[in-house]
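# Examining the three-dimensional arrangement
What follows is each chain in one-letter form.
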Amino acid sequence: MGLRQFVIDAWSWLNYKPVVADAGRSGNRAFPELASTWLPPHELRRLAAYKVLAAYDNNQAGQLAAASGDEAALERRELGDAANLVDTALGYVLGSDQQIAVEGAEHADEEAPEPGATEAAAAQERLRKWAEKELLTLRVQQAERNAVLLGDSVYVLAWNPEKQRPTLRVYDPGFFFPQWDDEQDEDFPSRVHLAWELPEDKDAGLKARVRRVTYELGPISDDDEGVVRQYPWEPGRPSNMTCYLTDAEWLLEDLKRGETLDQLPMDKAAFRVRPDGTELNRLDLLIDFVPVIHITNTIPDGGEHWGRSAIARVLQGLDELAATDSDSSAASATTGTPIIGLAGARLPVDRATGRPEKLKVEAGAVWQLGDSGRMDALDTSPQLAELRARVEHLLDRIASNSRITAAGLGTLDAADVPSGYAFKLALAPLDALVGAMRLAREHKYRLLFKMVQRLFQAGRGEGWTAGESFPARLAWAPHTPTDRAAVLEEVVQAYGAGVLSLETAVSMLMDAGYPIDDASQEVARIRAKAEQQAAARLAEAAAMRSAQGEHGDENEDGEEGVTRSDSREPGESRRELIKAGAER
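Residues numbered from 1 in each chain as written. Predicted model: local features only at pLDDT ≥ 70, side-chain atom pairs only at ≥ 80, totals over all residues. Heavy atoms only, no water.

## Here's the deal with the pattern of salt bridges
To keep it simple, the criterion reads: We count a salt bridge whenever a side-chain nitrogen from Lys or Arg sits within 4 Å of a carboxyl oxygen from Asp or Glu. The numbering of helices and of strands both runs from the N terminus, where a helix is a DSSP run of H or I of at least 4 residues and a strand a run of E of at least 2. Burial classes follow relative accessibility: with a 1.4 Å probe on protein chains only, a residue under 20% of its type's maximum area counts as buried, one over 50% as exposed, and anything between as partly exposed.
Counting across every chain of the model gives 22 salt bridges. Put simply, Asp57 and Arg145 hold a salt bridge, and the shortest N to O gap is 3.0 Å. Linking Asp57 in helix α2 (residues 44-57) with Arg145 in helix α6 (residues 136-150), this pair joins segments that are 88 residues apart in sequence. Taking relative accessible area as the criterion, Asp57 reaches 14% and is therefore assigned buried. For Arg145, a relative accessible area of 24% puts it in the partly exposed group. Asp319 is the partner of Arg76 in a salt bridge, and the nearest nitrogen-oxygen pair spans 3.6 Å.

In structure tokens form, the structure reads like this:
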């Protein structure tokens, strides 16, 4: 059967699955939730792709195929290969640690810090305290696993007046529906919906409904465009724009066909209410940006806004691997318990039915054969060996095409790597993959920390004054092991030769994996220790000089000769003093 329609879009890698072609069809057992009338038709392929990827991650791809009519898929053996690829890619992207770094903060402890370095260090400290309270490391793990598996993830920020800080939450990208204006070249949407269905709860007397949370940029006053507001992060630049929040629910039975997500009838909406009694109907948030950050796993193609899953292009390989594992399991059964043909055997007879009993191949079994009897066993071990070799071939192919590589997955035989340079070459595709994935996230995390600072300013958080936001980023640890001894030797030689500053040297050690929490604090500790050592040497040299003076006076009076406590030359103490003074 040929394709009904040839489609090339961000989800074309799923065209080979018939279950996706009928994603929006009513009565579809695989995607019954996509038949909801409020869902925009152009979003169905994206939501179907998310569900397919989630099925692979949970070893349920066979069940999903069976729901679309392929009953044989229930016998598919799935052994976690998809989840292993996702978790491995996630580990390499995140590295061993993540830190918030504000530009210029590393120069705050210098003797003559650059302008703004002290303020940048203070902002960095406040952001790190916020990250600790908001469990940023945990949130990043949650969001990034969604991004690696599904291709997309969503952060949402909100100011909490009780906690006096912005809160950070992670949402499933299947709840995220940005509204793009095709007539304008926008980097970010000015209207965003977060929407999902709430099931019926008969015990609580609640009917099935849909909840929609909307963030929308609009003029401060609909009647007078001249009404402006001065935002603390843009002093001297009045703005007539603000962000409105609407949180409402609709009963599914009240929605008619054609009333999609962006066209839900507001006269049938039930608006949610905050604990202080404020109705969330176009609530003015007193900010001029939408506090929603969309993370993509890859850099989107031109004209697209969505990322691509780490396993998107190897799904057919995972299907082949599951089929081969199933065949291998069947072959191993006949190899361990072979099929045996008997000729001329005297079979025992069931006295109740008078029929020959079935023989079982088991230890200690004895069969009586006649004079011309013969026993033949079916040997399936060659087929089993071939299937196992095919499994290894498929794993190598999947590792190569996903660019995680066999070396990255840890399946590379050490005997196949003649040198460290060869191992580095084997990891080159993984290095390029991680670099591209981190590049796709770089700007989004800078945007997140900018929004956090602005929410602190809008909420008048302690220590946050008016002014432009400090450029902050999420610093990732190295994704592969580093030769720390070689880096240390390089740093010592370069710093000793004066071609590297102390700040750069400490940063290189941090990148190599040394347990340094804060570069500026480490630089301050190193300098303080150097000053203490210099002061101690000065004090020791002064004491020795004083002692030598006392012995000289005794010698002039003729009471006793000069006695030295060490074997150094007379001018050596003076040289040490000069050296210590120069070091200080």
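That shown, we press on.
## Quick word on unusual backbone geometry
Of note, Arg282 is a non-glycine position whose phi angle comes to about 55°, a positive value. Relative to the elements of secondary structure, Arg282 occurs in the loop between β8 (270-271) and β9 (283-284).

## Re the pairing of strand β10 (residues 292-296)
Stated formally: Two strands are counted as paired when DSSP detects at least two bridges linking them.
For β10, the buried fraction is high: five of the five residues fall into the buried class. Residue alternation in β10 divides its side chains into two sets, Val292, His294 and Thr296 and Ile293 and Ile295, and both sets are buried. Examined bridge by bridge, strand β2 (residues 152-160) and β10 share five bridges and lie antiparallel to one another. When the bridges of β10 are listed, Val154 appears paired with His294.

## Some points on helix α4 (residues 81-94)
This is how the line gets drawn: A helix is expected to span 1.5 Å multiplied by its residue count minus one.
In this model, α4 (14 residues) spans 20 Å end to end at C-alpha, consistent with the 20 Å of a helix rising 1.5 Å per residue. Burial of α4 is extensive: ten of the 14 residues sit out of reach of the surface. Among all positions of α4, only Ala82, Ala83, Leu85, Val86, Thr88, Ala89, Leu90, Tyr92, Val93 and Leu94 are buried. Of the residues one or two after α4, Gly95 is the one with positive phi, at around 70°.

## Structural notes on the environment of Ser239
Applied cut-off: It only takes one pair of heavy atoms within 4.5 Å for two residues to be counted as in contact. Any pair of nitrogen or oxygen atoms within 3.5 Å is treated as a polar contact; in protein, a donor-acceptor pairing is required on top of that, and neighbouring residues in sequence qualify only through side-chain atoms on both sides.
With respect to the secondary-structure elements, Ser239 resides in the loop between β6 (209-219) and β7 (241-251). Ignoring anything within four residues of it in the chain, the contact list for Ser239 reads Ile220, Val227, Val228, Arg229, Tyr231 and Asp288. Separated by 3.2 Å, the side chain of Ser239 and the backbone nitrogen of Met241 make a polar contact.

## Quick look at helix α5 (residues 117-133)
Heads up, the condition is: In this description, one arc is meant: the one made by directions from the helix axis to the C-beta atoms.
Between its first and last C-alpha atoms α5 spans 25 Å; for 17 residues at 1.5 Å apiece the expected length is 24 Å, and the two agree. Taken together, the buried positions of α5 are Ala117, Ala120, Ala123, Gln124, Leu127, Arg128, Trp130 and Ala131. All buried residues of α5 lie within an arc of 160° about the axis, which places them on one face of the element. Facing away from the buried side of α5 by more than 90 degrees, the exposed set consists of Glu132 and Lys133. Where the residues of α5 are buried, they touch β1 (98-102), α6, β2, β3 (165-171), α11 (428-458) and β13 (472-476). Looking at the residues trailing α5, positive phi occurs at Leu135, about 55°.

## So, a negative patch on the surface
Selection rule: Here, patches come from residues exposed beyond 30% relative accessible area and free of salt bridges, joined within 9 Å for like charges and within 5 Å for nonpolar side chains (Val, Leu, Ile, Met, Phe, Trp, Tyr). In these tables, accessible area is a Shrake-Rupley quantity obtained with a 1.4 Å probe, and a residue counts as shielded only by the protein chains included in the view. Positive: Lys, Arg. Negative: Asp, Glu. His and the chain ends are not part of the count. Lysine's charge is taken at NZ, arginine's at CZ, aspartate's at CG and glutamate's at CD.
Taken together, Asp222, Asp223, Asp224 and Glu225 make up a surface patch of like negative charges. Inspection of the secondary structure assignment puts Asp223 in the loop between β6 and β7. Given a relative accessible area of 79%, Asp223 falls into the exposed group.

## Describing the side chain of Asp57
Within the local environment of Asp57, its side chain forms a polar contact with the side chain of Arg145, the two groups lying 3.0 Å apart. Once you skip the residues sitting within four places of it in the chain, Asp57 turns out to touch Ala83, Arg145 and Leu149.

## Details of the nonpolar core
Most often, soluble globular proteins have nonpolar side chains that are buried together. For the record, the criterion: Residues belong to a common nonpolar core when they are buried Ala, Val, Leu, Ile, Met, Phe, Trp, Tyr or Cys residues joined through side-chain atoms within 4.5 Å.
The biggest cluster of nonpolar side chains holds 105 residues, and the ones touching the most others in it are Trp130 and Ile311. The leading source of residues in this core is α11, at twelve residues. Once residues lying within four places of it in the same chain are set aside, the contact partners of Ile311 are Leu53, Tyr56, Ala82, Leu85, Val86, Leu149 and Leu318. Residues Val487, Ala505, Ile516 and Ala519 belong to the second largest nonpolar core, which totals ten residues.

## Observations concerning the environment of Gly95
With respect to the secondary-structure elements, Gly95 resides in the loop between α4 and β1. For the pair Gly95 and Ala477, spaced 382 residues apart in the sequence, the C-alpha separation amounts to 5.0 Å. Discounting chain neighbours no more than four positions away, the residues touching Gly95 are Arg438, Ala477 and Pro478.

## Focus on the sheet that holds β2
Short version of the rule: Only the stretch in contact is used when a helix axis is fitted, and all axes are lines through C-alpha atoms; the angle between N-to-C directions ranges over 0 to 180 degrees.
Spatially, β3-β2-β10 is the arrangement adopted by the three strands of the open sheet, whose pairing is antiparallel. Strands with a single pairing partner mark the edges of an open sheet, and in this sheet they are β3 and β10. Along the sheet, successive strands turn relative to each other by an average axial angle of 25°, direction set aside. The strands touched by α6 are β2, β3 and β10; relative to β2, the strand with the most contacts, the crossing angle is about 150°.

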